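# Tertiary structure, described
Residue strings, one per chain:
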Amino acid sequence: MSNIAVLTSGGDAPGMNATVMSVARNAAYYGMPLIGVKRGYNGLLGRTNNFDDNFVRLDLDTVLNIADMPGTYLRTARCDEFKDPQVREKSAQILRDLDISGLVVVGGDGSFQGAMRLCELGIPCIGIPGTIDNDLSYTEVTLGYDTALNVCVDTVRAIRATSRSHDRPHVVEVMGRHCGDLALYTAEATGAEVVVVPEKRWSVDEIAAQCNRQLDLGNPRMTVVVAEGCWESMAPFDVYKFLKPHGVQVFPGEPMTTERLTQILKYKCNGAEFRHTVVGYTQRGLAPTARDSIFAFEAGALAINLLHKGISNQAIGMKNGKIFHMPMADALAVKRHFNRKLHHLLNAL
Ligand code: F6P
């Protein structure tokens with residue numbers, strides 16, 4: 001039986017190892033030997049001819065031990081070279097030489113683009129949406145999102161405890177790239193009073209107005225959750241011009257950040273003692289929740305099942321709690337839906 005390969009690509013997401021474990025168990029069931037590609041698409045570039053530099057044979061013994069490990073055992077990376085058609089042709093040839101009859105790609109939209117191009121070169125691929133960002137709209141959730149959301153919720157709950165103790169407002173930044181879901185649902189789950197996302201263009205003055213309204217309502221312990229990508233859509237604000245006269249050490253042309261917003265809010269909100277926390281990479285580095293582990297197991301099983309039936313170029317997703325698949329191109333064409341109603345409601349209360 002010819003080989004199956006699996007790679008993890010882009011930012012690591014909780015559940016990637018569990019997916020590899022599921023792919024391995026299901027491939028073993030069909031008697032298909034499994035090869036892991038190291039460092040995402042980088043392992044397919046043929047930088048060296050030494051098999052062990054770029055690949056690893058995944059026997060059941062190895063993968064059973066990684067199933068609940070955080071991170072990705074295969075390593076991951078982003079790979080700009082793979083956008084070059086000549087590079088992709090070389091990678092496809094490497095896969096043919098290894099007698100690979102199917103490749104499972106676990107990653108975000110960039111990784112899916114790479115998989116679609118490999119399909120065009122005759123390499124059957126299946127995509128599993130591994131990213132904490134929840135930015136692939138064809139699926140209700142992406143793999144790793146639930147774990148990351150739980151990290152954010154735990155963090156904000158801890159922060160709200162200390163905010164209550166000190167009667168102090170706090171700004172918390174969460175990840176998500178251009179997608180505000182992590183911020184929005186963290187705010188909903190924790191009762192945070194203000195949430196700022198890239199999907200809704202706001203200004204610093206509007207955020208300050210929201211905070212001042214909370215202060216007027218007698219709530220000095222509010223939480224402002226900001227999505228890391230919110231600055232992209234924020235109305236321009238001259239950080240230097242505003243903070244310099246207050247004696248803050250600041251350089252001309254400095255971009256807005258969570259730390260700078262926190263300093264600005266202090267001056268715009270009557271000296272309220274704002275603090276800030278950037279949740280950061282802890283969102284990516286935890287063992288997957290039960291929900292993500294279940295998603296991983298079902299997605300890995302479906303991927304192998306499809307390849308075994310000779311079906312490829314499919315993206316796997318979750319709808320109404322059930323695993324499904326659809327053509328990768330159609331999946332990537334689905335327009336993003338942002339829950340504006342919820343965003344409005346959370347900020348209105
Ligand atoms: O895509 C996952 C993600 O964690 C984003 O939320 C974040 O913007 C980005 O990756 C960070 O990328 P890097 O690991 O390259 O710093």
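Rules used throughout
- Residues numbered from 1 in each chain as written.
- Predicted model: local features only at pLDDT ≥ 70, side-chain atom pairs only at ≥ 80, totals over all residues.
- Heavy atoms only, no water.
- Helix = DSSP H or I, 4+ residues; strand = E, 2+ residues; numbered from the N terminus.
- Buried < 20%, exposed > 50% of the residue type's maximum accessible area, 1.4 Å probe, protein only.
- Near = heavy atom within 4 Å.
- Polar contact = N/O pair within 3.5 Å; in protein donor to acceptor, adjacent residues only side chain to side chain.
- Areas by Shrake-Rupley, 256 points an atom, 1.4 Å probe, with all protein chains shown as cover.
- Nonpolar A, V, L, I, M, F, W, Y, C, P; charged D, E, K, R; others polar.
- Core = buried A, V, L, I, M, F, W, Y, C linked by side-chain atoms within 4.5 Å.
- Contact = heavy atoms within 4.5 Å.
- Salt bridge = Lys/Arg side-chain N within 4 Å of Asp/Glu carboxyl O.

## Re the environment of Asn50
Structurally, Asn50 is set in the loop between strand E2 (34–37) and helix H2 (51–54). In this structure Asn50 comes out as partly exposed when scored by relative accessible area, which is 40%. Measuring from C-alpha to C-alpha, the distance between Asn50 and Val174 comes to 40 Å, with 124 residues separating the pair along the chain.

## Describing the site of the ligand
Lining the immediate surroundings of the ligand are Arg78, Ile132, Asp133, Met175, Gly176, Arg177, Glu228, Tyr281 and Arg284. Between the ligand and Gly176 there is a distance of 3.2 Å, counted from an oxygen atom to a backbone nitrogen or oxygen. Isolated, the ligand exposes 390 Å² of accessible area, and the fraction of that covered by the protein chains is 75%. Its residues placed into classes, the shell around the ligand shows three nonpolar, one polar and five charged.

## So, the nonpolar core
Judged by nonpolar contacts, the single largest core of 58 residues is most densely connected at Val6, Leu58, Val104, Leu182 and Ile316. Leaving out residues up to four positions away in the same chain, Leu58 has contacts with Val6, Val20, Leu34, Ile35, Gly36, Val63, Tyr73 and Leu74. By size, the runner-up hydrophobic cluster in this structure holds 31 residues, among which are Ile35, Phe82, Leu95 and Ala331.

## Remarks on the pattern of salt bridges
In the structure shown here, the tally under the stated rule is 14 salt bridges. The salt bridge partner of Lys83 is Asp80, with a shortest N-O separation of 3.2 Å. You can call Asp80 exposed: its relative accessible area is 57%. Between Glu193 and Arg160 there is a salt bridge whose closest N-O contact spans 2.9 Å. Residue Glu193 is located in the loop between helix H7 (181–190) and strand E7 (194–196), and its partner Arg160 is located in helix H6 (residues 145–166); the two are separated by 33 residues in the primary sequence. A relative accessible area of 13% means that Glu193 is categorised as buried. For Arg160, a relative accessible area of 14% translates into the label buried. If you follow the salt bridges from partner to partner, you end up with Arg168, Glu273 and Arg275 in one network.

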